[in-house]
Amino acid sequence: MASLFAGPADLHLHSNHSDGTQPPAEVVRQAHAHGVRTVALTDHDRTTGWDEAAQAASALGMTFIPGMELSAKHEWRSVHVLGYLFDPDDAALRAETERIRDDRIGRAERIVRNIGRDYDLHWDDVLAQTAFDATVGRPHIADALIARGIVRDRTEAFDGILHPREGYYEPHYAPDPLTAVRLITGAGGVPIIAHPVTSGRDRMMPLSYIERLIDAGLGGFEVDHRENTEEGKRLLRKIAATHDLIVTGSSDYHGAGKPNVPGENTTADEMVARLIAAASGSEPRYP
Ligand code: AMP
Ligand code: FE
Ligand code: FE
Ligand code: ZN
């Protein structure tokens, strides 16, 4: 297939506009250094990094796909819905992401207050780890715990203090996945469920609910992701084939915040082409 985009595609990366540790341009440069040539920036619940990332991509002769990772919740499960090539000015989607981001702030303050009962940790410590106006999350609290010398890295923080079983956890507002899918398609974008089959009891949404998402316009699944189980990947490929859906593979790079490396998983050219063809909300930026 002749294509406008050139080479390995990594469609899931985070900058310091959410919980990555690097500015958007640096994220794109890192992706390029790892051989990626088509890149999407998918910060949690915001699109403010797009312009900087697009410019950096263009300077490096890369294709840029605008994206976002929208927070959702199914019963007790946190579900992440990647949205690609939607209209960033869509009023309904903007209102919802604003609501999520606002609620995340109060929620992070509550978590810090809970932790502060047992450890020397204060809200200012978290602010010191958060780039101006970034979507705040547990990773920023983890960074504050590291700065205080309470844990060594984010992994240790998530396995310990930040894990719900430790009792400091608080939830934040998020729409259900059906609403998330409709918001993204309503803005002309393509919704893809991020890392749908991570290990752990009942972590995957029931198949009957996934079928409702497909009926509502779900575009596909992020199959190749380091946190998906092998058994889960096989199941997802089967569902995708049955319903003729898109399958993607990506790194979920967070800079120094996670061991994930750009390009460790990639998306086939054919799937990138389908993603672009299915979208109407915004344009990819070609080199
Ligand atoms: P939150 O949305 O605030 O509950 O935080 C969830 C975020 O934390 C996810 O987007 C991940 O990027 C990050 N995260 C989850 N587990 C880990 C981990 N073990 N190490 C580093 N980051 C993690
Ligand atoms: Fe994250
Ligand atoms: Fe995610
Ligand atoms: Zn992610």
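Nothing here was measured: the structure is a model prediction, and the numbers come from that model.

1. Observations concerning the site of ligand 1
Piece 1. For ligand 1, the set of nearby residues contains 14 residues, the closest of which are H44, R104, R107, R138 and H254.
Piece 2. Contact between ligand 1 and D19: an oxygen atom at 3.2 Å from a side-chain N or O atom of the residue.
Piece 3. Contact between ligand 1 and R104: an oxygen atom at 2.9 Å from a side-chain N or O atom of the residue.
Piece 4. Within the complex, the protein chains bury 81% of what would otherwise be the 500 Å² of accessible surface of ligand 1.
Piece 5. If you list the elements that add at least two residues to the shell around ligand 1, you get α3 (91–116), α5 (138–147) and α6 (154–159).
Piece 6. The element best represented in the shell around ligand 1 is α6, accounting for three residues.
Piece 7. The residue makeup of the shell around ligand 1, split by class, is two nonpolar, six polar and six charged.
Piece 8. Three or more residues apiece are contributed to the shell around ligand 1 by two domains, here domain 1 (2–96 + 175–278) and domain 2 (101–166).

2. Structural notes on the sheet that holds strand β3 (residues 63–74)
Strands pair in a sheet through their backbones, by hydrogen bonds, and they do so in one of two ways: parallel or antiparallel.
Piece 1. Spatial strand order, β1-β2-β3-β4-β5-β6-β7: seven strands in an open sheet with mixed pairing. In this open sheet, the two edge strands, each paired with only one partner strand, are β1 (9–10) and β7 (246–249).
Piece 2. Of the pairings in the sheet, the one linking β3 to strand β4 (residues 77–84) comprises eight bridges and is antiparallel in character. Directly across from A72, in β4, lies its bridge partner V79.
Piece 3. Along the sheet, helix α10 (residues 269–278) makes contact with β1, β2 (38–41), β3, β4, β5 (190–193) and β7, crossing β7 at roughly 120°.

3. Things to note about the packing of aromatic side chains
Piece 1. Applying the stated rule across the entire model yields two aromatic pairs.
Piece 2. Between the aromatic rings of Y119 and Y168, the centroid separation amounts to 6.3 Å while the plane-to-plane angle is 70°, which identifies the pairing as edge-to-face. Of this pair, Y119 sits in the loop between α3 and α4 (123–127) while Y168 sits in the loop between α6 and α7 (177–186), placing them 49 residues apart in sequence.
Piece 3. Here the guanidinium or amino end of R77 rests over the ring plane of W76, the centre of that ring lying 4.2 Å away.
Piece 4. Across from the ring centre of Y173, 3.6 Å away, lies the NZ or CZ of R99, which sits over that ring.

4. Observations concerning the coordination of the iron ion (ligand 3)
Piece 1. Protein coordination at the iron ion (ligand 3) comes from E69 (OE), H80 (ND1) and H195 (NE2), with a distance range of 2.0 to 2.2 Å.
Piece 2. Each donor residue of the iron ion (ligand 3) belongs to the same chain, with the gaps between them written as E-x10-H-x114-H.
Piece 3. Between the iron ion (ligand 3) and the iron ion (ligand 2) there is a metal-metal distance of 5.3 Å. Note that H80 is positioned in strand β4 and H195 in the loop between β5 and α8 (207–215), a separation of 115 residues in sequence.
Piece 4. Taking the relative accessible area as the measure of exposure, H80 reaches 15% and is therefore buried.
Piece 5. A residue is classified by how much of its surface remains accessible, and H195, at 15% relative accessible area, is buried.

5. Things to note about the pattern of salt bridges
Piece 1. Tallied over the entire structure, the rule returns 16 salt bridges.
Piece 2. Its salt-bridge partner being R94, residue D89 comes within 3.3 Å of it at the nearest N-O pair.
Piece 3. Residue D89 is classed as exposed on the basis of its relative accessible area, which comes to 55%.
Piece 4. One salt bridge in this structure joins E170 and R110, with 4.0 Å as the shortest N-O distance. Here R110 lies in helix α3 and E170 lies in the loop between α6 and α7, a separation of 60 residues in the sequence.
Piece 5. Accessibility expressed as a relative area gives 32% for R110, which makes it partly exposed.
Piece 6. Among the charged side chains, a salt-bridge network with shared partners connects D120, D125 and R148.

6. So, the domain arrangement of the protein
Piece 1. Partitioning the protein into structural domains gives domain 1 (2–96 + 175–278) and domain 2 (101–166).
Piece 2. For domain 1 versus domain 2, the distance between C-alpha centres works out to 25 Å.
Piece 3. Domain 1 puts eleven residues into the contact, and the matching count from domain 2 is nine residues.
Piece 4. Considering only the surface of domain 1 that becomes buried against domain 2, D19, D45 and R46 emerge as the three largest contributors, covering 48% of it.
Piece 5. Taken together, domain 1 and domain 2 are joined by two salt bridges.
Piece 6. The salt bridge involving R46 is made with D133; its shortest N-O contact spans 3.0 Å.
Piece 7. At the boundary of domain 1 and domain 2, one finds eight residue pairs in polar contact (both at pLDDT 80 or more).

What counts as what
- Residues numbered from 1 in each chain as written.
- Chains lettered and ligands numbered in written order.
- Predicted model: local features only at pLDDT ≥ 70, side-chain atom pairs only at ≥ 80, totals over all residues.
- Heavy atoms only, no water.
- Near = heavy atom within 4 Å.
- Polar contact = N/O pair within 3.5 Å; in protein donor to acceptor, adjacent residues only side chain to side chain.
- Areas by Shrake-Rupley, 256 points an atom, 1.4 Å probe, with all protein chains shown as cover.
- Helix = DSSP H or I, 4+ residues; strand = E, 2+ residues; numbered from the N terminus.
- Nonpolar A, V, L, I, M, F, W, Y, C, P; charged D, E, K, R; others polar.
- Domains from an automatic or database assignment.
- Pairing = 2+ DSSP bridges.
- Contact = heavy atoms within 4.5 Å.
- Axes fitted to C-alpha atoms, helices over the stretch in contact; angles between N-to-C directions.
- Phe/Tyr/Trp six-rings, centres within 6.5 Å; stacked < 30°, edge-to-face > 60°.
- Lys NZ or Arg CZ within 6 Å of the ring centre and 35° of its normal.
- Donors = N, O, S within 2.8 Å, 3.2 Å for Na, K, Ca; no water.
- Buried < 20%, exposed > 50% of the residue type's maximum accessible area, 1.4 Å probe, protein only.
- Salt bridge = Lys/Arg side-chain N within 4 Å of Asp/Glu carboxyl O.
- Buried area = accessible area lost by both parts, 1.4 Å probe.

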